[in-house]
Each structure stands twice: as structure tokens, then as C-alpha cells.
Amino acid sequence: MNAIELTDDELYEISRKVLTDKLGASQVQRFIRHCKPGKGDYSIDRHKLLANQPDIDTIVKQIQDGRTEREAEERARAKRFAAPQSEIREMTDSEVYEIGSQALIDRFGVSGLIRFIRICQELNGGPPRHLIKNREDAEGYIKLYTATLTLNPTVVEDYIKRGNAYSYIGEHDKAIKDYSEVIMLKPNYAKAYYNRGNVYRDKVDFDKAIADYTKAIELKPDYADAYYNRGKLYDEAEAYDEAIKDFSTVIKLDPEHANAYKYRATVYCDKGERDKAIRDFIKGLELYPDDDEAHDAGCSLKNAA
């Protein structure tokens, strides 16, 4: 399968299987941890290299020595790549990363490796990919992905990214059209339903939003964000029991989700279950002590009791 037509979720899962086959299951996380977000200032090293240039004879010798070193390294590299998993476990993180990278290149090509690394960098605390900061960013992405989709209209992630950009600038119908196109291409892609649900929510079409969140959850039962957003809409519809159930699921999936405690507390309050509401407000404040709104609400409940 062509990597460009895979969703990010598909690429991530298949890449993990490729790494497991090559490195062994215990080494996959070592590879992923090694995909660290870039922070270096490479211009400093470049200036150091340019500061003191050697003479021609020295440069020639360096080239010759470098060729010999490269040949030796290629032989060592081939030996490492052919090593069994029992030997790979004893290698350094850099060597494991090198072997895993080559396995992914062999499977997906360089572009597939780069996509997987960027996914891992985000998981390791790097900035979100394709982060939209302002309208100019959004309009730039719309132009970019309109061009790429003209060349290849089957790249589902480009529809997702363009849909996100349309959503950012309030072009809701165009965003829905892009997410719907993804669903036609990949009917089981939970993120497309979730994103479309967000746009329906912004259009105040809550029934369609809930339907999309529900489908996303059906496809991905641990989709905490989908439960959370659906719970908020159930609260708006005064479907309090359903809202509590969703927020409780979020808390089970992510015990440090302060807002889930806050919203569940609000629902308990609406139901008149003050003791439960107070406990949830307190827990939310433990996780996020700077939430003045939750603090004031919790104090009001205590005083009312």
C-alpha cells in the first residue's frame, strides 16, 4: 500500500508492526523515544565549520580518510542491519534508531519514514503538526492542500488538513465537505467523524454532531476527546445521565483530565447531587488549581450546602 494514501493512524500502526518485526517488540518504544523534537541551532555548527578552513593537501587527505571510514562504516552498518533481534537488544539507541529507520524506508520510502517520525515527535511533546495559529496560516494551508489534492485526490490526510483550515476560518460547509470526502475514502477513519462532529457542533447542529461523535467512538472506543465533546452536548440537551456517563469514561481513560471533572461536577449540580458535584470540583481544582471558575463554583456549592 502506498504510504501517501494511508491515514496517520494507519501509518503509525503499520510502522509499529514493521519495527516489531525488525527490532522486536521490546525495542519499538526505544525507537519512538529517540524521535525527539528538534531544538538545536544548527547555524552555530555551520559557522564553526566555516571559521577555520584547512589547506588543499589537508582537505585531500580528509577526503581519502573519509572514504575509507565510510566504507568501513557501510560494512559495519550492513552487519548491524542483518543482526538477529537478540543482538539488536544490546545495541545503542542510535543503532536501534538507524536499523528501524532503514526498515521503515524499505517499507514506505523516505517520505513515509519522515511522516512516522513527525507523528512520534508530536507524541514525545513536540509541537502539533500543521498547527494553525492565525487566518494567514489557514489560508496558506488551503492553497497548499488544494494544489496537492488536485494532483492526487486520494490523499486523505490532505482533506483532513484542508478541512481543519476551513473550519478555522469559519467555512463550515467546506470543512464538512472535506471530512465527508475522507469518510467516503476511508469509512472507518474515526478522526474524520470526530472532526466533522466538531464542525457540526460549531454550526449548532447538535444532533449531527452527536451522531458523528458516536460513530467515532464506535470505531475507536478509547477516543477520549469524542466522549468529552459528546458529553458537553448531552449536557446542553439536559441529557444528564448520558453526559455523566461520557465524562466518567473520559476520566477512566485520562484520570488527570481536569475539565472532565469540572463538567461532570456541573452536571451533578444540575441534577441536584451537590455532594458529588463538590467532590468533582475539588478534584478538578487539585489537577488545575488556577481554574478560578471552578473554584468559585465549588465555593458556591459549599456555601449553599
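As shown above, the structure is provided for reference.
Just so it is clear, the structure is predicted and the values come from calculations on it, not from any experiment. (Residues numbered from 1 in each chain as written. Predicted model: local features only at pLDDT ≥ 70, side-chain atom pairs only at ≥ 80, totals over all residues. Heavy atoms only, no water.)

I would appreciate a short explanation of the nonpolar core in the present structure.
Soluble globular proteins tend to pack their nonpolar side chains together in the buried interior. One finds Val182 and Ala216 to be the most contacted residues of the largest nonpolar core, which totals 47 residues. Within the residue set of this core, elements represented by two or more residues are helix 7 (135–151), helix 8 (156–168), helix 9 (172–185), helix 10 (190–202), helix 11 (206–219), helix 12 (224–236), helix 13 (240–253) and helix 14 (258–270). If one sorts the elements of this core by residue count, helix 10 sits on top with six residues. Every residue in contact with Val182, bar those within four places of it in the chain, is listed here: Val156, Tyr159, Ile160, Tyr189 and Ala192. Counting residues in each nonpolar core, the second largest holds 24 residues, with Leu19, Phe31, Ile99 and Ala103 among its members. (Core = buried A, V, L, I, M, F, W, Y, C linked by side-chain atoms within 4.5 Å. Buried < 20%, exposed > 50% of the residue type's maximum accessible area, 1.4 Å probe, protein only. Helix = DSSP H or I, 4+ residues; strand = E, 2+ residues; numbered from the N terminus. Contact = heavy atoms within 4.5 Å.)

Explanation requested: the packing of helix 1 (residues 8–23) against helix 6 (residues 93–123) in the structure shown.
Two elements in contact, helix 1 and helix 6, have axes separated by 10 Å at closest approach and are oriented at 135 degrees. The angle between helix 1 and helix 6 places the two elements in the oblique class. The chirality of how helix 1 crosses helix 6 is left-handed. Looking at side-chain class alone, the contact of helix 1 with helix 6 contains 15 nonpolar, three polar and four charged residues. (Axes fitted to C-alpha atoms, helices over the stretch in contact; angles between N-to-C directions. Parallel < 35°, antiparallel > 145°, perpendicular 65-115°, else oblique. Left-handed = near helix turned anticlockwise from the far one by under 90°. Nonpolar A, V, L, I, M, F, W, Y, C, P; charged D, E, K, R; others polar.)

Hey, could you run me through the pattern of salt bridges in this one?
Charged atoms that come close allow side chains of opposite charge to pair. For the coordinates displayed, the defined rule picks out 19 salt bridges. Glu157 serves as the salt-bridge partner of Lys191, at 3.4 Å between the closest nitrogen and oxygen. Separated by 34 residues along the polypeptide, Lys191 in helix 10 and Glu157 in helix 8 bring together distant segments of the chain. On the basis of relative accessible area, Glu157 is assigned to the buried category, the value being 3%. The salt bridge involving Glu218 is made with Lys215; its shortest N-O contact spans 3.2 Å. Residue Glu218 and its partner Lys215 are both found in helix 11; the two are separated by three residues, about one turn of the helix. Within the structure, one salt-bridge network assembled from shared partners comprises Asp241, Lys271, Glu273 and Lys276. (Salt bridge = Lys/Arg side-chain N within 4 Å of Asp/Glu carboxyl O.)

Shape is all these values report; function is a separate question.
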